[in-house]
Amino acid sequence: MVWLTVLGQWLAKSPDGDFNHRLDFLIYAICNNCSSHTQTVIYTPKMSTLYLSRRGIINVDTQCPCCKEKYFVNIHDMEQDLFKTFWNTSISDLREHLNKFGYTLLADPINGE
């Protein structure tokens with residue numbers, strides 16, 4: 001029998017139409033330097049850098065809340081005005097999911113900016 005990781009389970013439970021968005025979130029949003037077996041650290045987007053490419057890909061610069069490493073996020077096929085809601089909902093849902101297994105999520109929601 002094949003078992004999914006905790007993050008794989010969260011991805012598999014994606015609402016309709018959100019699987020690829022959640023996959024992009026997991027690929028680009030996790031700081032590998034600061035995340036560990038028991039804690040996942042999510043980069044914080046800098047909304048002033050957000051733009052939509054000609055190919056319809058949302059690009060935004062991010063920074064780790066712990067080590068301050070700078071990175072970027074690409075989310076494919078999403079409208080620009082939905083990004084903030086998607087990001088904050090993903091953080092909330094992922095935190096709830098990880099807590100069920102005794103893991104923690106360190107992430108800041110996107111505020112006004």
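Conventions adopted
- Residues numbered from 1 in each chain as written.
- Predicted model: local features only at pLDDT ≥ 70, side-chain atom pairs only at ≥ 80, totals over all residues.
- Heavy atoms only, no water.
- Core = buried A, V, L, I, M, F, W, Y, C linked by side-chain atoms within 4.5 Å.
- Buried < 20%, exposed > 50% of the residue type's maximum accessible area, 1.4 Å probe, protein only.
- Helix = DSSP H or I, 4+ residues; strand = E, 2+ residues; numbered from the N terminus.
- Contact = heavy atoms within 4.5 Å.
- Axes fitted to C-alpha atoms, helices over the stretch in contact; angles between N-to-C directions.
- Parallel < 35°, antiparallel > 145°, perpendicular 65-115°, else oblique.
- Nonpolar A, V, L, I, M, F, W, Y, C, P; charged D, E, K, R; others polar.

Asker: I'm lost on the nonpolar core in this one. Help?
Answerer: Across soluble globular proteins, nonpolar side chains show a tendency to be buried alongside one another. With 25 residues, the main nonpolar core has Phe25, Ile42, Ile75, Phe83, Trp87, Leu94 and Leu105 as its most contacted residues. Sorting the residues of this core by element identifies helix H1 (6-12), helix H2 (19-29), strand S4 (57-63), strand S5 (70-76) and helix H3 (83-100) as the ones contributing at least two each. Setting aside anything within four residues of it in sequence, one finds Ile42 in contact with Phe25, Ala29, Ile30, Pro65, Trp87, Leu94, Leu105, Leu106 and Ala107.

Asker: Mind showing me how you'd approach the packing of H2 against H3 here?
Answerer: In helix packing, the relevant descriptors are the interaxial angle and the interaxial distance, both defined with respect to the helix axes. Packing of H2 against H3 brings their axes to within 11 Å, and their N-to-C directions diverge by 80°. Judged by the angle between their axes, H2 and H3 are roughly perpendicular. Between H2 and H3, the contacting residues are His21, Arg22, Phe25 and Ala29 on the first element and Phe86, Trp87, Ser90, Ile91, Asp93 and Leu94 on the second. Of the residues assigned to the contact of H2 with H3, the class counts are six nonpolar, two polar and two charged.

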